[in-house]
Amino acid sequence: MFYYVLKYVILGPLLRLLFRPRIEGLEHIPEEGAAIVAGNHLSFSDHFLMPAIIKRRITFLAKAEYFTGPGLKGRLTAAFFRSAGQIPVDRSGKEAGQAAIREGLGVLNKGELLGIYPEGTRSHDGRLYKGKVGVAVMAIKAQVPVVPCAMVGTFEIQPPGKVVPRIKRVTIRFGEPLDFSRYAGMENQKAAIRAVTDEIIYAILGLSGQEYVDEYAAKVKAGQAEQTKKFPRLRR
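This section reports on the structure supplied with the text. (Residues numbered from 1 in each chain as written. Predicted model: local features only at pLDDT ≥ 70, side-chain atom pairs only at ≥ 80, totals over all residues. Heavy atoms only, no water.)

1. A word on a nonpolar patch on the surface
- A contiguous nonpolar patch, built from Tyr4, Tyr8, Val9 and Ile10 and spanning about 410 Å² of accessible area, is present on the exposed surface.
- Along the chain, Tyr4 turns up in helix α1 (residues 2-19). (Patch = residues over 30% accessible without salt bridge, like charges linked within 9 Å, V, L, I, M, F, W, Y side chains within 5 Å. Areas by Shrake-Rupley, 256 points an atom, 1.4 Å probe, with all protein chains shown as cover. Salt bridge = Lys/Arg side-chain N within 4 Å of Asp/Glu carboxyl O. Helix = DSSP H or I, 4+ residues; strand = E, 2+ residues; numbered from the N terminus.)

This is the structure in C-alpha cells:
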C-alpha cells in the first residue's frame with residue numbers, strides 16, 4: 001500500500017515537478033505479465049526517477065548495504081527501501097550472484113516487473129560498462145522480454161558523492177522489448193548468456209549514447225581506488 005502512496009501521492013509528483021523528465025518509449029513497457037527492465041545506472045536518483053514514471057509496480061534488487069546502514073540515516077534508508085518493496089541482495093561472497101538470480105526469478109514468477117542494472121553498480125564516470133550475466137540467466141530461464149532503458153542526464157544532476165541532486169531536466173528512454181526465446185534452455189551455457197548480456201548492453205548503449213568500456217565497472221573502480229592509495233597526490 002505504501003508503495004502506491006509513495007509513487008502517486010508523495011514522491012512521484014514531486015520528482016515530476018522538479019526534474020520534468022522527458023519520457024520516451026513508455027509504451028514498450030508491457031501492460032501486464034512478467035518482464036525485466038534493464039537500465040544503465042548513473043546516479044542514486046535512478047532508483048526513484050524510473051519507478052516514478054512507470055505505470056506498473058517495479059521491484060529492484062537493491063544492495064544489502066541500503067538496509068544495514070548505521071544511525072538514523074541508515075534506519076530511514078532501510079525503512080524507505082522496504083516500504084518501496086525493494087529486495088536486499090548481499091553482493092559479497094561466491095553465492096551472491098545466485099542469490100540475486102533466485103530473488104529476481106521469484107519476482108518474475110509472480111508475473112511482475114523486475115528492474116535491474118546489468119553493470120552491477122553505479123558508473124563512477126558516466127560511461128557504460130560491461131554487463132554482468134545475471135540478467136541473461138533470468139531472462140532465459142523465466143522466458144520473459146527485456147526492455148532496455150537509458151537514464152540520460154542523471155549523472156549530471158547527482159554524480160557519485162553528491163548528496164543533494166541538482167534540479168535539472170532529465171530524459172528516461174525505453175527501447176523495444178528484446179526477445180531471447182531462441183536461447184531457451186541455454187541459461188547454463190557461458191557463450192549464450194554472454195551473448196544475451198552483450199545484446200542488452202548494446203541496446204542500452206544505443207539509447208543512452210554513452211561511451212562504452214569493455215570492463216566491469218566494479219573492477220575499474222577498485223583499480224582506481226588502489227592507485228589512489230599508492231599515490232595519494234592523485235586525489236587532488
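2. Let's talk about the pattern of salt bridges
- Counted under the stated rule, the structure contains five salt bridges.
- In this structure, the salt-bridge partner of Glu211 is Arg127, at a minimum N-O distance of 3.5 Å. In this pair, Glu211 is assigned in the loop between α7 (190-208) and β9 (212-213) and Arg127 in the loop between β5 (113-116) and β6 (128-129), connecting sequence segments 84 residues apart.
- Among the residues examined, Arg127 registers a relative accessible area of 25% and is labelled partly exposed.
- Salt bridges linked by common partners bring Asp125, Arg127 and Glu211 together as one network. (Buried < 20%, exposed > 50% of the residue type's maximum accessible area, 1.4 Å probe, protein only.)

3. Concerning helix α2 (residues 46-53)
- Taking burial as the measure, the eight residues of α2 include eight buried ones, the bulk of the element.
- Those residues of α2 that sit buried are Asp46, His47, Phe48, Leu49, Met50, Pro51, Ala52 and Ile53.

4. A short note on helix α5 (residues 134-142)
- Among the residues of α5, Val135, Ala136, Val137, Met138, Ala139 and Ile140 are the ones counted as buried.
- Immediately beyond the C-terminal end of α5, within one or two residues, lies Gln143, with a positive phi of roughly 55°.

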